[in-house]
Amino acid sequence: MPLRKFVWCLAVLALSIAAFSQASRAGIVDAPGADLRVDLYTYGPGAVYWERFGHDALVITDTASGEAYAFNYGLFDFEQKDFYFNFARGIMIYRAAAWPAADDIQQYSGEGRSITDQHLNLTPAQRAALRDFLVWNVQPEHARYRYRYFADNCTTRVRDALNRALDGALQRQLTGPVAETYRSETDRLMSGQPWLMYLLDLGLGPYADQPLTRWTGAFIPARLMQELRGVRASDGAPLVQSETVVSPQRLPSPPAQAPDMRWPLLIAGLVLGSAFIVAAWLRDQYDIERWWFAVVGTLYASLAGIAGVLMLVLWFGTAHRAAWANENLWLFNPLAWLLVPALLRVRRPGAASTRFGIAIAALMTLLSIFALISKLLPGFPQHNLPWILFALPAWLGLSCGLWMMRRAFHPQIDANERE
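Source: prediction; values computed, not measured.

Undergrad: Explain the overall build of the chain to me, using residue names and the numbers behind them.
TA: Per the secondary structure count, the chain includes 15 helices and 9 strands. Computed over C-alpha atoms, the radius of gyration of the chain comes to 30 Å, more than 25% over the 22 Å expected from 2.2 N^0.38 for 419 residues, which places it beyond the range of a compact globule. In terms of principal-axis extent, the alpha carbons of the chain reach across some 130 × 40 × 35 Å. Of all 419 residues assigned to the chain, the portion counted as buried reaches 46%. For the chain, the centre of its 37 positive side-chain charges and the centre of its 35 negative side-chain charges are spaced 4 Å apart.

Quick look at the structure:
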């Protein structure tokens, strides 16, 4: 081989090695679309209440270098300035960020949360476009956004990014209604902590009961993972090329359906209402019954008033859209506080309830009856029947108890008041 040709071959070989080495070092930011791989990692529910909905991330891998980064949305920081105050007002500024995918795997598997990897069937151009958008989105000047639990969270951002890369094909395919609502999904996922489940359900207004579609219903990581299994890519093949469980769920999994709150709350309301009547009937025989009626009645009225004030504050004083126009205000509102003096009065031996107290209790009962009737009328879409089944017998029992304390044992009170 002539020397010139030999030198030329060595130069070409050196340039090829250099080019390959540069490509291997380029990583996901500079890699061509043909070298990229896109996966959706879905993480199961965690143990802490804000982890109960699960989480997900888009993982971009440069197959030439092996570099893999997880792009996460919905990140918050307790140390953020005025975090708790803004959280209470419903003004939550969260952010997007990226880090090595191995860190995600280590963290979530270490917490006992499942990791499911869906390898997505995207064209090289779609993979590159998705990579470019995600890299742009995690830059400090673009990373922060206004977080909304149902409409703009970690999963809806992932869903929207995929839909963008697919030129809207994802949204076009996720049509049709689903049986779930924001409320039912919240109740289902929070059922592992019943006290929090009941509290959240009480605070959710009619927004949480709006009909959902497959698109809007995919605001939860597990639901989006399910929906992607039936989506077709641009070439007509399934969008999910393969699905692998990287780590199993070792923490308790949420139920498939939301718990039915009607029976527990109805039984609780009947027990409380009946106890008010029995305590009123026995008040002159046992001091404990009189005190029980006064103390428990005061506690119930106080909590009903507090609940009403909080619902009004959420409606008129915050941006928590899901809590606005809460129809549970028919059942629990500040009017209940007007009962407290009348209830404290009957703790004394021989004391009778006032007509004003009876009137307020009767009004709360009538409002609860209206709330029940409203479920048959248009314009009252909130699914709050369980709370009506609790409040109506409780208010009815309290009203009857106050009436009994005045009429059954002290019929002379009205005559004395007239004199």
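What follows picks up the thread again.
Undergrad: Could you give me a rundown of the packing of helix α4 (residues 124–137) against helix α5 (residues 154–165), with the residues and numbers involved?
TA: One way to put it is that α4 packs onto α5 with a least axis distance of 9 Å and a crossing angle of 135 degrees. Viewed along their axes, α4 and α5 adopt a mutual orientation that is oblique. In the crossing of α4 with α5, the sense of the turn from one axis to the other is right-handed. Along its contact with α4, which presents Q126, L130, F133 and L134, the element α5 presents A161, L162, R164 and A165. Partitioning the contact of α4 with α5 into residue classes produces 6 nonpolar, 1 polar and 1 charged.

Undergrad: How would you sum up the packing of α5 against helix α9 (residues 221–228)? Please name residues and give values.
TA: Direction vectors running N to C along α5 and α9 enclose 25 degrees, while the axes themselves pass 9 Å from each other. When the axis of α5 is compared with that of α9, the two are roughly parallel. The chirality of how α5 crosses α9 is right-handed. Seen from α5, the contacting residues are T155, V158, R159 and L162; seen from α9, they are P221, L224 and L228.

Undergrad: Talk me through the pattern of salt bridges; I want residue IDs and the actual numbers.
TA: In the structure shown here, the tally under the stated rule is 16 salt bridges. Of the charged contacts in the structure, one is a salt bridge between D152 and R157, with a shortest N-O distance of 2.8 Å. For D152, a relative accessible area of 14% puts it in the buried group. R157 gets classed as partly exposed once you look at its relative accessible area, which sits at 22%. The network of salt bridges with common partners includes E180, E185, R188 and R223.

Undergrad: Help me get a handle on the layout of surface pockets, residues and values and all.
TA: Within this model, the second largest pocket holds a volume of roughly 520 Å³. What lines the second largest pocket is a set of 27 residues, among which R183, S184, D187, P259 and H383 lie closest to the centre. Those elements that place two or more of their residues in the lining of the second largest pocket are α7 (182–190) and α14 (385–407). Among the elements that line the lining of the second largest pocket, the one with the most residues is α7, at 5 residues. Across the lining of the second largest pocket, the residue classes break down as 10 nonpolar, 6 polar and 11 charged.

Undergrad: Could you give an account of the side chain of R183, naming the residues involved and the relevant values?
TA: Within the secondary structure, R183 sits in helix α7. Relative accessible area serves as the criterion here: at 4%, R183 is assigned to the buried category. Among the polar contacts listed, one links the side chain of R183 to the backbone oxygen of G205, at a separation of 3.1 Å. Once residues within four sequence positions are removed from consideration, R183 is found in contact with D201, L204, G205, A208, D209, Q382 and H383.

Undergrad: Please give an account of the packing of aromatic side chains that cites residues and values.
TA: This structure, assessed with the given rule, holds 26 aromatic pairs. Geometrically, the ring pair formed by Y49 and W50 is edge-to-face, given 5.2 Å between the ring centres and 85 degrees between the ring planes. Owing to a relative accessible area of 39%, W50 belongs among the partly exposed residues under this scheme. Judged by centre distance (4.8 Å) and plane angle (65 degrees), the rings of W330 and F370 are edge-to-face. One end of the pair, W330, is in the loop between α11 (287–317) and α12 (340–345); the other, F370, is in helix α13 (residues 355–374), with 40 residues separating them in the sequence. Residue F370 is classed as partly exposed on the basis of its relative accessible area, which comes to 30%. Clustering of aromatic rings is evident, with ring pairs tying together Y49, W50, Y73, F76, F87, Y94, Y145, Y147 and Y149. A cation over a ring is seen here: R157 above Y145, with NZ or CZ 3.8 Å from the ring centre. One residue, R159, lies across the ring of W215, its end atom 3.9 Å from the ring centre.

Undergrad: Outline the sheet that holds strand β4 (residues 92–100), listing residues and values.
TA: Taking strand neighbours across the sheet as the criterion, the 7 strands line up as β6-β4-β3-β2-β1-β5-β9 in an open arrangement whose pairing is antiparallel. The sheet is open, and its two borders are formed by β6 (144–147) and β9 (240–247), each paired with just one other strand. Shown here is a sheet whose adjacent strand axes are inclined to one another by a mean of 25 degrees, direction ignored. Lying on the sheet, helix α3 (residues 101–110) is in contact with β1 (36–43), β2 (55–62), β3 (68–75), β4, β5 (115–120) and β9; it crosses β4 at an angle near 110 degrees. α9 contacts β1, β2, β5 and β9 of the sheet and is inclined by roughly 130 degrees relative to β1.

Conventions used here
Residues numbered from 1 in each chain as written. Predicted model: local features only at pLDDT ≥ 70, side-chain atom pairs only at ≥ 80, totals over all residues. Heavy atoms only, no water. Helix = DSSP H or I, 4+ residues; strand = E, 2+ residues; numbered from the N terminus. Rg over C-alpha atoms; globule rule 2.2 N^0.38 Å. Buried < 20%, exposed > 50% of the residue type's maximum accessible area, 1.4 Å probe, protein only. Lys, Arg positive; Asp, Glu negative; His and termini not counted. Charge placed at Lys NZ, Arg CZ, Asp CG, Glu CD. Axes fitted to C-alpha atoms, helices over the stretch in contact; angles between N-to-C directions. Parallel < 35°, antiparallel > 145°, perpendicular 65-115°, else oblique. Left-handed = near helix turned anticlockwise from the far one by under 90°. Contact = heavy atoms within 4.5 Å. Nonpolar A, V, L, I, M, F, W, Y, C, P; charged D, E, K, R; others polar. Salt bridge = Lys/Arg side-chain N within 4 Å of Asp/Glu carboxyl O. 1 Å grid on protein atoms, 1.4 Å probe; cavity = no way out; pocket = protein on both sides within 12 Å on 5 of 7 lines; lining within 4 Å. Points joined across faces, edges and corners; volume = space filled by probe spheres on them. Polar contact = N/O pair within 3.5 Å; in protein donor to acceptor, adjacent residues only side chain to side chain. Phe/Tyr/Trp six-rings, centres within 6.5 Å; stacked < 30°, edge-to-face > 60°. Lys NZ or Arg CZ within 6 Å of the ring centre and 35° of its normal. Pairing = 2+ DSSP bridges.

Shape descriptors only; they carry no functional weight alone.
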